[in-house]
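Residue-level structure breakdown
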Amino acid sequence: MLGIVNVTADSFSDGGRYFDPARAIEHGLAMRGEGADLVDVGGESTRPGSVPVPAREEIARVRPVIERLVARCPLPVSIDTRKTEVARVALELGAAIVNDVSGLRVDPEGGEGKDRAELAARHGAGLVLMHMQGEPSTMQADPRYDDVVGEVKGFLFDAARRAAEAGVPRESIALDPGLGFGKSAAQSLALLRGVGELAEAGYPVLVGASRKSLFGKLWNLPLEERLEAGLAAAVASVLRGARIVRTHEVRATVRAVRVAEALL
Ligand code: HH2
């Protein structure tokens, strides 16, 4: 279970709540008590329409949180970023996983994906490769695919191959279809349905459905009423072969996923 700590002012569901490092750290520690296995720290919102944050600013946000979580919380910390420079600093501070939400694409400041993979390899860190079509500012305008599951799978398998070529061991790579990242609600649902196909290659699959807008679009659920839908998606993903769930609601998700795991 990957618990979320957004050190941002504008994240779509909890923007501003953990912008203060002390609150972010307290939240990270609390999620440990609720059963999280990993803590995902992010300093840039990548919600649809978000404005990019310069690497310098992203680093200033996450640095105090990573430093103190690494010192005080026994859980591995992952850095949620698409920027090579941010990944480099986070790994130097002791982060154990790079959650690359661009799946090794060139970052907005020119940082190469290959360099992010090499950094992860050099630090012996895990690497999450997530699929995103387009850029956060415009990705939800008109996402198009001929075959969404096939195309996302192809992109992620190729990114995994590039990560392995950069020296990341196969067992340290996880794949994530990136629900809501350049996908309509129907396309995100197709990807949830296709988790089994993505898991076939043998890499652990991570799914992040928590509070996502597909629940608003398909079932008219406002942001603060998406818990049950997120739990259902987490359970369905695990039953289809997902191994890691990314969530804002750690306690409830751990309880729900435990039942799914017992059925496997
Ligand atoms: N979703 C978000 C951010 N990072 N990383 C992975 N691997 N998978 C996801 O589905 C994923 C992610 C968006 O959620 P959140 O962090 O709550 O929002 P924001 O990007 O606005 O900070």
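Here, every reference points to the structure presented above.
Residues numbered from 1 in each chain as written. Predicted model: local features only at pLDDT ≥ 70, side-chain atom pairs only at ≥ 80, totals over all residues. Heavy atoms only, no water.

1. Quick word on the pattern of salt bridges
Applying the stated criterion across every chain yields a total of 20 salt bridges. Across the pair R116 and D100 runs a salt bridge whose closest N-O atoms are separated by 2.8 Å. With a gap of 16 residues between them, R116 in helix α4 (residues 113–123) and D100 in strand β4 (residues 97–100) connect regions that are remote in the sequence. Its relative accessible area of 0% is what places R116 among the buried residues. Relative accessible area serves as the criterion here: at 0%, D100 is assigned to the buried category. Between R211 and E249 there is a salt bridge; the shortest N-O distance is 2.9 Å. Pair noted here: R211 is in the loop between β7 (206–207) and α8 (213–219) and E249 is in the loop between β8 (244–247) and α10 (250–263), with a separation of 38 residues, a long-range link. (Salt bridge = Lys/Arg side-chain N within 4 Å of Asp/Glu carboxyl O. Helix = DSSP H or I, 4+ residues; strand = E, 2+ residues; numbered from the N terminus. Buried < 20%, exposed > 50% of the residue type's maximum accessible area, 1.4 Å probe, protein only.)

2. Section: the site of the ligand
Taken together, 18 residues form the shell around the ligand, and within it S11, S45, D176, K212 and H248 come nearest. Take S11: an N or O atom from its side chain is 2.5 Å from an oxygen atom of the ligand. Contact between the ligand and H248: an oxygen atom at 2.7 Å from a side-chain N or O atom of the residue. A per-class count over the shell around the ligand returns 6 nonpolar, 7 polar and 5 charged. (Near = heavy atom within 4 Å. Polar contact = N/O pair within 3.5 Å; in protein donor to acceptor, adjacent residues only side chain to side chain. Nonpolar A, V, L, I, M, F, W, Y, C, P; charged D, E, K, R; others polar.)

3. Re the sheet that holds strand β1 (residues 2–6)
With parallel pairing, the 8 strands of this open sheet are ordered in space as β6-β5-β4-β3-β2-β1-β8-β7. Taken across any chain shown, the strands that pair with only one partner, and hence form the sheet edges, are β6 (173–176) and β7. Of the strands in this sheet, β2 (38–42) and β3 (77–81) touch helix α2 (residues 55–72), which is tilted by about 170 degrees from β3. Lying over the sheet, helix α3 (residues 84–92) contacts β3 and β4, oriented at roughly 170 degrees with respect to β3. (Pairing = 2+ DSSP bridges. Contact = heavy atoms within 4.5 Å. Axes fitted to C-alpha atoms, helices over the stretch in contact; angles between N-to-C directions.)

4. A closer look at helix α1 (residues 21–33)
Structurally, the α-helix is built with 3.6 residues per turn, so residues lying three or four positions apart point the same way. Compared with the 18 Å implied by 1.5 Å per residue over 13 residues, the 19 Å span of α1 between its first and last C-alpha is a close match. All buried positions along α1 are accounted for by A24, I25, H27, G28 and M31. End-on view of α1: buried residues confined to an arc of 160 degrees, all on one side of the axis. Along α1, the residues that are exposed and aim more than 90 degrees away from the buried face are E26 and G33. On its buried face, α1 sits against β1, β2, α2 and α10. Just downstream of α1, G35 is the residue with a positive phi angle, here 110 degrees. (Expected span 1.5 Å × (residues − 1). Arc of directions from axis to C-beta.)

5. Focus: the side chain of T84
Within the secondary structure layout, T84 lies in helix α3. Classification of T84 by relative accessible area gives buried; the value is 10%. A polar contact of 2.9 Å, which involves the side chain of T84, links it to the side chain of R116. Ignoring sequence-local partners within four residues, the contact set of T84 consists of D107, G111, E112, D115, R116 and L119.

6. Regarding the packing of aromatic side chains
Tallying each qualifying case throughout the model produces 1 aromatic pair. With 6.4 Å between their ring centres and 25 degrees between their planes, F215 and W219 make a pair best called stacked. In this pair, F215 and W219 both sit in helix α8, 4 residues apart, roughly one turn of the helix. Seen from the ring of Y203, R170 lies directly overhead, with NZ or CZ sitting 4.3 Å from the centre. (Phe/Tyr/Trp six-rings, centres within 6.5 Å; stacked < 30°, edge-to-face > 60°. Lys NZ or Arg CZ within 6 Å of the ring centre and 35° of its normal.)

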